[in-house]
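Listed below, chain by chain, are the residues.
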Amino acid sequence: MVDALREVHRVLAARGILVDARPDSRVLAYAEGRRARGFQRFGEVKTSRFAIAIDRASDLAIGRVVRERLFKRKRRGRFWHRVPFDSLGDLRQYLSEHLRFVHRAKWVVEAATRRRYTNGQFVIRRAVRYEILVPSPRSRRALVPSVVAAAHAKHSE
Amino acid sequence: MSGDAEGLIGDVGRHVPAMSATLRPRPLDELQAWGGVELVRGKRVLDLGCGDGRFALAVAAFASTVEGLDPDPEAIAAAKKAARRSGVRNVRFAVGAAQRLPYPDGALDVVILSWTL
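Only a predicted model underlies this, so the values are computations on that prediction, with no experimental measurement involved. For every chain, the first residue of its written sequence is number 1, and the numbers climb from 1 along that sequence. Chain A is the first chain written and ligand 1 is the first ligand written, with later ones labelled in order. Selection of residues for local features in this predicted model requires a pLDDT of at least 70, selection of side-chain atom pairs for listing and counting requires 80 or more, and totals for whole chains, interfaces and linings are taken over all residues. Note that the side-chain values use all heavy atoms of the structure and ignore hydrogens as well as water.

Describing the overall build of chain A
Secondary structure elements are taken from DSSP: a helix is a run of H or I of four residues or more, a strand is a run of E of two residues or more, and numbering for both begins at the N terminus. When its secondary structure is counted, chain A shows 5 helices and 6 strands. For chain A, the N- to C-terminal ordering of α and β elements is α-β-β-β-α-β-α-β-α-β-α. By the convention used here, residues are in contact when the closest approach between their heavy atoms is within 4.5 Å. Residue pairs at least 24 apart in sequence account for 82% of intrachain contacts in chain A once pairs closer than 6 positions are excluded. Surface exposure here means Shrake-Rupley accessible area, sampled with a 1.4 Å probe, where a residue is shielded only by the protein chains that are shown. Element-wise, carbon and sulfur atoms account for 51% of the exposed surface of chain A, whose accessible area totals about 8900 Å².

In structure tokens, the structure reads:
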């Protein structure tokens, strides 16, 4: 990931921008039923350990290139996205296949309520985070790996 | 999104792999959340990890040029097909890895990692 971000820094123009957007595993997703006036929360959906580990690695990669002064953080934010389903069964099927989420929601309504609305429309509402980064002028520190590589090449000749 | 369209997407969710791009936010909604089309207007854009090209094709209407890069040849074939079908001419798709970008230094104004990193 860090290698890819270094490449991005190389191809970006001096006043360019990098946008990193991905699901936000730091907040819960929600299973909601659609109602005439909005949505009713039916349950909470946690992110799988696998996805949390990947997100953590991505965060570390971004943190590293910021520390290396390749990029500067400019702006960040979060928005919510709803994935619609025709029934509660469809939502459950989706969860059972999805890699990002644990396969079962933690319901916050009674089983009778779920049965009552089982054929209603449902959504999973999940957070998406984004961050805008701008390339820093190539710092001496950023150039160090290439300088070291050149020195090694010269030494081996 | 219309009720019919949402219904269709809900149905897709039953049959396709759960990571399908169809289940992601609409590209222009995502772009709006980041700051609007001004972010890409008249710019040279790279959609890194473009998959089937949905995002690249959506921003092509505003950008000067759009490059789409993805390591999956099947996804790139689908993206090229979608570009031909939609008649978009300022988008190029290529198979490649993010670790070795096939572009010269400083060649791009905006790089987008949308659900990629």
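Some points on the confidence of the model for chain B
Residue and element names in this part refer to chain B. Confidence of the predictor at the level of single residues is captured by pLDDT, which takes values from 0 to 100. Mean pLDDT over chain B: 83, with 81% of residues reaching 70 or higher. Low pLDDT, under 50, characterises residues 1-19; the stretch is placed with 27 contacts to residues that sit more than four places away or in other chains. For this predicted complex, the interface confidence comes out at an ipTM of 0.80, alongside a pTM of 0.78.

Observations concerning helix α2 (residues 49-67) of chain A
Residue and element names in this part refer to chain A. To estimate how far a helix should reach, multiply one less than its number of residues by 1.5 Å. Here α2 spans 26 Å end to end across 19 residues, near enough to the 27 Å set by a 1.5 Å rise per residue. Of the surrounding elements, those touching the buried residues of α2 are α1 (2-11), β1 (12-23), β4 (71-85) and β6 (122-135). Immediately beyond the C-terminal end of α2, within one or two residues, lies Arg 69, with a positive phi of roughly 65 degrees.

Quick notes on the pattern of salt bridges
A carboxyl oxygen of Asp or Glu within 4 Å of a side-chain nitrogen of Lys or Arg is what we treat as a salt bridge. Overall, the coordinates contain 19 salt bridges over all chains when judged by the stated rule. Between Arg 76 of chain A and Glu 131 of chain A there is a salt bridge; the shortest N-O distance is 3.5 Å. Taken together, the residues span a long stretch of sequence, with Arg 76 of chain A in strand β4 and Glu 131 of chain A in strand β6 at a distance of 55 residues. For Arg 76 of chain A, a relative accessible area of 53% gives the class exposed. A salt bridge links Asp 29 of chain B to Arg 26 of chain B, with the nearest nitrogen and oxygen atoms 3.1 Å apart. Given the relative accessible area of 38%, Asp 29 of chain B is considered partly exposed. Burial status follows relative accessibility: with a 1.4 Å probe on protein chains alone, a residue under 20% of its type maximum counts as buried, one over 50% as exposed, and anything between as partly exposed. The exposure class assigned to Arg 26 of chain B is partly exposed, which follows from its relative accessible area of 40%.

Quick look at the interface of chain B and chain A
Residue-level contacts link 39 residues of chain B with 39 residues of chain A. By definition, the buried area sums, over both parts, the 1.4 Å-probe accessible area that each loses when the two are put together. Counting the surface lost from both chain B and chain A, the interface buries some 3300 Å², and carbon and sulfur atoms represent 63% of this. On the surface where chain B and chain A come into contact, there are 1 salt bridge. Note that Arg 10 of chain A is salt-bridged to Asp 105 of chain B, the shortest N-O span being 2.7 Å. The definition of a polar contact used here is a pair of N or O atoms within 3.5 Å, where within protein one atom must be able to donate a hydrogen and the other to accept one, and adjacent residues in sequence count solely through side-chain atom pairs. Taken together, the links from chain B to chain A amount to 17 residue pairs in polar contact (both at pLDDT 80 or more). Going through the elements one at a time, α1 (3-15), α2 (27-34), β1 (44-48) and β4 (108-114) of chain B are the ones with two or more residues in the side of chain B that touches chain A. Three classes are used, and their members are as follows: Ala, Val, Leu, Ile, Met, Phe, Trp, Tyr, Cys and Pro are nonpolar, Asp, Glu, Lys and Arg are charged, and the others, Gly among them, are polar. In the side of chain B that touches chain A, the residues fall into 22 nonpolar, 8 polar and 9 charged.

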